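Coordinates in review
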Amino acid sequence: MKNLSMTGLFILLLIMTACNDQTAGSVNGEWEPKGPIEIVAPAGAGGGWDTTARSVAQVMEEENIVEEDLGIVNKPGGGGAVGWAYVDRKQNNPHHMFIGSPPLVFIPLNGQSQIGYEDFTPLANMIADYAAFAVADDAKWDDLNELFEDMKENPQDITVVGTSSPGSMDHMQFVKIAKAAGVDITKIKYVSSQDGGAMTQILNGNADVFSTGVAETIEQVRAGKIKVLGITAEERLEGETLSQFETAKEQGIDATFVNWRGFFGPAGMDEGQIKYYEEAFKEVSDSEAFKEIREKYGWQEMYMTSEEYKDYLDEQNAELGELLEEMGLTE
Amino acid sequence: MGGLDGLLQGFQVAFSIEGILFVFIGVFIGTFIGMMPGLGPISAIAIMIPITYGMEPTTALVMMAGVYYGAVFGGSTASILLNAPGISGTVATAFDGYPMAQRGEAGKALAIAAVSSFVGGTISVVLLMLFAPALAQVAVTFGPPEYFALMFMGLTAISSLSEGSTIKALISATLGFVFVTVGIDGQTGTPRFTFNNPNLLEGIDFLVIALGLFALAEVCFLIVNRKDTSLSDKANVGSTKLSKADLKEMSGPMSRQSFLGFVLGVLPGAGATIASFIGYITEKKIAKKPEEFGKGSIKGLSAPETANNAATSGAFVPLLSLGIPGSGTTAVMLGAFLVLGIQPGPLLVQDHPDIFWGIIASMYVGNIILLVLNLPLIPYISKLLKIPRPLLISLVIIFSLIGVYSVSFNIFHLYVLLFFGVIGYLMRLTSFPAAPFILAFILGGMMEQSLRQALTASNGSYMVFITEPISLALLLISVLSFAVPVIRGRLRTRQ
C-alpha cells in the first residue's frame, strides 16, 4: 500500500514536471493547449460562477470541442478576489482561466481588490443573466414605480437586502435602476446578509426588497411566497415563470442591468491563444446542448469575442464607476 | 396534501435494495471521513459531489444526506481521542470527551458519543418527519434582532466555560471577538485588519482556530512534556460497555437535547455548533454536580453529541422546505441538489415527494446503520491511541494541515493554523481557557452582523431588540442567567 502510494506520488511528480512546458506561445498564429486546462470559479460549489463554468466545461468535453481535460477549481474568497489573484499569478500559462461577471468591475472600483479586469485577457463572454427585485407576496407594492414612489417619500422605511457587500452587484444593480427612476440613491438603506439570510429576511418582513438574480426567485414565486416587482433585462424573458416578470423598461424606467458571465485568462496571452479559446467558446455557445442549459437556468445568449468584450468592459467600468462615485463608495 | 402517501413513498425509496445500499455507502463514507481529524461534513460532501454526476437524483441525494449526518456522527471520534475537532459542531464534544479518553476510558467515551448521536439523530428525524413543512415557518421567524439575542444568550455561556479565573475567560473571549473581525466587513464591504493581504479578505476560518487552539496546542504540550511518564500511559482504552447507571445518567441530556438541538438546528445560521454549545451549557446549569463538567463528565459528553446530531436533522428543515441553506455545510449540500438539477424549496414536497420523503425516511435507516457500524468498531478505533506517541502526534499535525487545506485550498491558512497553535499553547501555559475564545469567535461574527442589520433596518433604534417578543425573551433569559447566581450569592452571604 505504501509502495503504491509512493509510486503514485512519483507519477504525479512526473506529470507535473511534464506539464511545466505549457508556456510555449503560438506558432504562426496557431495554438493548441498542451495539457489540462484549469478553470477557476472564484466562489464555492453550486453558485452562479460555478454552475456556468461547469456547464460550459461539460459541453466542451461532451462535444469534443476541447481535446484536453478541463478541471473546475473553486477558489472562494473576497467576493472573487482570491481566485483572481490566483490566476494573476499564472501569467504566461494559457492553461489557466477563470469565470468572471460584474463583481470583477465592482470590487476593484470600491477598493476591495487591487486586481481588476484590466489585469487579465478577456477571452469570450458567454451569457447574460439579469437581476430581479422581489418583495414578500403580501407587500403593498405591485410594481417598481409604486416602490420607487414610496422610496422617494419615505426612504428611511424601506430596507433593501442582498447577498453581496455594499458597492457590489446586488446593491448596485438596485441603485442603478432606482437612480433611473429618480430615487435619491444616497438614501437607499441596504443590508447584506450571507448564508441564505437574505431570502429569510424578506419572508419574515425584516427587510422589504430582495435584490438578487432572476433564477433565485423562481421557486419562491411559484410557491406564492414572494412576488417580483421587476427585472433588469432589456426584454421579457422566456420560460414558464420567467415570462411573467415585467422588465423595468416596460414600466417606463429606462435602465437595464446585465449580469454578464464570461471567461478570462491571465495577462499577456498572444493572438493564437486568444483565437483558440474564442473559437472554442463560440462553438459551445452555438451548440444545441448549451442552448438547453441556457433555457434550464433562464440565461440569455450573449457571446462576445475578446475584442468586443474588452470594449464592453471599458464601458461598464466607466458607467459603474460614476455610479459608485455618486454613492461615495469608491476608494 | 397526501403527507402519509408521501411518507410511504419515502419509505419505499429508503427500504429498496438500492436505497439501503446507497444510504450505507453514504453513511460509511461520511462517518469515515468525519472521523479523520480536521475533516468534516463540508469536505465529505464536496468530495462526493463529482461522484453523483449522472446518478439518479433520489439515490444520489439519499446518499449525500447520509454523507452529511454520517460525518457529524463520526466527527466526535477525533474530538474525543485527539482533541482535534473536524467541525465546529464537535468542539464542545472535546470538552468532556477528551478528558474522559485521557483518563483511560476512550472506549466508553466513544460509546457514549455513538449512543447519544443515535438517539439525537433518531428523535430529531421523527420531529423532522412530523413537522418539517410546519417548521419552515419557524425557521423564518428569526430575523436580525432575534439572532442577535440568541447569540447574546450563547455568550452568557462564557461564565460556565471558565475554569478558575473569570477575568482570564473574559480576556480569552475578547481575543475571539478580535480575530473574528478580520476580513471584509459584510455591512460596509471594508476590509478590516487584512493589512492589504488578499488571503485575509475572507477572514479566518473557524477550523483554523479550532485545530490551532485545540489540536496543535495539545500536540505542543505533549511534545514539550514527552518525558513526563504520567502522560505516556494513555494507551488504556477501557471497556466499551455502558452500565445501566451510565445510561441513566445520559437519559436526561439525551431526551432534552434531542428537542433543543433540533429546534436550534432549524434556525438558519444557528445550527449544530450553537446547538452543541447551548446543549452543553444548559446541562451544566441544571446538573447536580456542575463541577464535574470539563473533567470527563458523562452528561457533558452526551449533551453536545445529542444536540449536534439533532441539529443536523433540524438543518434539513430550511434546506428542504425553503431552499435556504443555514450553514456552510448545508450550502454545499444545496450545491449538491443543484448539480443534480433539483431545486429545494417550498415546492419540493409537491414536485418531488420521492426525494423529500425519501431523504427523511432514509435517515432512520442511516442512523441505525451508523450505530451498528460504529459500536463494534469502537475497540478498533480507540486502538488509535496505542499508536506510539511520536507517530500519533505527527499524524495529528498532518491531518490538521490537510483539514485546513481541504477547506481553503490556500497555503497561507496553514501558517495561520500554526500561528494559532502557538497562541493556543501559550494560552495553556498561562492557563487562559481556550473554550471562551472559540465560543466568542463562533458567535461574534453573526452577532455583529445581526446587530448592525437590525440597527440599519430600524434606523438606529435599539428598541427593536425589546419590541420583538422572541428577542426580548432571549435577552431576559440571558440577563437572568447572569443575575440569578449573583443575587443568590449575595443573599447567602447576608444570611
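Conventions and cut-offs
Residues numbered from 1 in each chain as written. Chains lettered and ligands numbered in written order. Predicted model: local features only at pLDDT ≥ 70, side-chain atom pairs only at ≥ 80, totals over all residues. Heavy atoms only, no water. Helix = DSSP H or I, 4+ residues; strand = E, 2+ residues; numbered from the N terminus. Rg over C-alpha atoms; globule rule 2.2 N^0.38 Å. Buried < 20%, exposed > 50% of the residue type's maximum accessible area, 1.4 Å probe, protein only. Areas by Shrake-Rupley, 256 points an atom, 1.4 Å probe, with all protein chains shown as cover. Lys, Arg positive; Asp, Glu negative; His and termini not counted. Charge placed at Lys NZ, Arg CZ, Asp CG, Glu CD. Core = buried A, V, L, I, M, F, W, Y, C linked by side-chain atoms within 4.5 Å. Domains from an automatic or database assignment. Contact = heavy atoms within 4.5 Å. Buried area = accessible area lost by both parts, 1.4 Å probe. Salt bridge = Lys/Arg side-chain N within 4 Å of Asp/Glu carboxyl O. Polar contact = N/O pair within 3.5 Å; in protein donor to acceptor, adjacent residues only side chain to side chain. Patch = residues over 30% accessible without salt bridge, like charges linked within 9 Å, V, L, I, M, F, W, Y side chains within 5 Å. Phe/Tyr/Trp six-rings, centres within 6.5 Å; stacked < 30°, edge-to-face > 60°.

1. Some thoughts on the overall build of chain A
Counting its regular elements, chain A contains eleven helices and ten strands. Relative to a compact globule of 331 residues, whose C-alpha radius of gyration would be 20 Å, chain A shows 21 Å and is just as compact. The principal-axis extents of the C-alpha atoms in chain A amount to approximately 70 × 40 × 40 Å. Sorting the 331 residues of chain A into buried and exposed places 57% on the buried side. Taken as a whole, chain A presents about 14000 Å² of accessible surface, with 47% of it coming from carbon and sulfur. Positive and negative side-chain charges in chain A, numbering 24 and 57 respectively, have mean positions lying 5 Å apart.

2. Points about the nonpolar core
Counting residues in hydrophobic clusters, the biggest one holds 177 residues, and the most contacted among them are Leu 147, Phe 148, Phe 174, Trp 260 and Phe 281 of chain A together with Phe 316 and Ile 359 of chain B. Looking at this core element by element, the count peaks at 13 residues for strand E4 (residues 120-136) of chain A. Mapping this core onto the domain boundaries places at least three of its residues in each of domain 1 (36-129 + 259-327) and domain 2 (130-244) of chain A.

3. A short note on the interface of chain A and chain B
Contacts between chain A and chain B engage 36 residues on the former and 38 residues on the latter. Each partner contributes to the roughly 2900 Å² buried at the junction of chain A and chain B, and carbon and sulfur atoms together form 54% of this total. Linking chain A with chain B are one salt bridge, by the criterion used here. Across the pair Arg 222 of chain A and Asp 351 of chain B runs a salt bridge, and its minimum N-O distance is 3.2 Å. Connecting chain A to chain B are twelve residue pairs in polar contact (both at pLDDT 80 or more). The set of elements that each furnish at least two residues to the side of chain A that touches chain B consists of helix H3 (81-88), strand E6 (189-192), helix H7 (197-203), helix H8 (214-222) and helix H10 (288-297) of chain A.

4. Topic: the pattern of salt bridges
One pass over the full model with this rule turns up 26 salt bridges over all chains. Of the charged contacts, one joins Asp 254 of chain A and Lys 249 of chain A as a salt bridge, the two residues approaching to 3.7 Å between their closest N and O atoms. One connected set of salt bridges, linked through shared partners, spans Arg 103, Glu 105, Lys 108 and Asp 246 of chain B.

5. Some remarks on the domain arrangement of chain A
You'll often see interface size given as the accessible area lost when the parts meet. Residues and elements named next belong to chain A. According to the domain assignment, chain A contains domain 1 (36-129 + 259-327) and domain 2 (130-244). Here domain 1 and domain 2 have C-alpha centroids that lie 26 Å from each other. The interface of domain 1 with domain 2 comprises 17 residues on the first partner and 17 residues on the second. Between domain 1 and domain 2, roughly 1500 Å² of surface is buried when both sides are summed, and carbon and sulfur atoms account for 66% of that area. The largest per-residue losses of area from domain 1 upon contact with domain 2 belong to Asp 129, Leu 323 and Met 327, which jointly make up 37% of the total buried on that side. If you look at where domain 1 meets domain 2, you find two salt bridges. For the salt bridge of Glu 326 with Lys 179, the shortest nitrogen-to-oxygen distance reads 2.8 Å. One can count three residue pairs in polar contact (both at pLDDT 80 or more) joining domain 1 with domain 2.

6. Topic: a nonpolar patch on the surface
Residues and elements named next belong to chain B. Nonpolar side chains collect at one region of the surface, where Tyr 405, Phe 409, Ile 411, Tyr 415 and Leu 418 lie side by side and expose about 520 Å² of accessible area between them. Its location among the elements puts Leu 418 in helix H19 (residues 412-429). Taking relative accessible area as the criterion, Leu 418 reaches 42% and is therefore assigned partly exposed.

7. Quick word on the packing of aromatic side chains
One pass over the full model with this rule turns up 33 aromatic pairs over all chains. On the numbers, 6.3 Å between centres and 20° between planes, the contact of Phe 106 of chain A with Phe 257 of chain A is stacked. Taken together, the residues span a long stretch of sequence, with Phe 106 of chain A in helix H4 (residues 103-109) and Phe 257 of chain A in the loop between strand E8 (226-231) and strand E9 (258-266) at a distance of 151 residues. Using a relative accessible area of 0% as the deciding quantity, one classes Phe 106 of chain A as buried. Seen in terms of ring centroids, Phe 179 of chain B and Phe 437 of chain B are 5.9 Å apart; in terms of plane orientation they differ by 25°. Their pairing is stacked. Of this pair, Phe 179 of chain B sits in helix H8 (residues 166-180) while Phe 437 of chain B sits in helix H20 (residues 434-457), placing them 258 residues apart in sequence. A residue is classified by how much of its surface remains accessible, and Phe 179 of chain B, at 18% relative accessible area, is buried. One aromatic cluster is present, formed by Trp 31, Phe 263, Tyr 276, Tyr 277 and Phe 281 of chain A through successive ring pairs.

8. Here's the deal with the side chain of Asn 410 of chain B
All names here are of chain B. Tracing the backbone through its elements, the reader meets Asn 410 in the loop between helix H18 (389-408) and H19. Of note is the side chain of Asn 410, whose polar atom sits 3.0 Å from the backbone nitrogen of Phe 412. Other than its neighbours up to four places away in sequence, Asn 410 contacts Asn 199 and Tyr 405.

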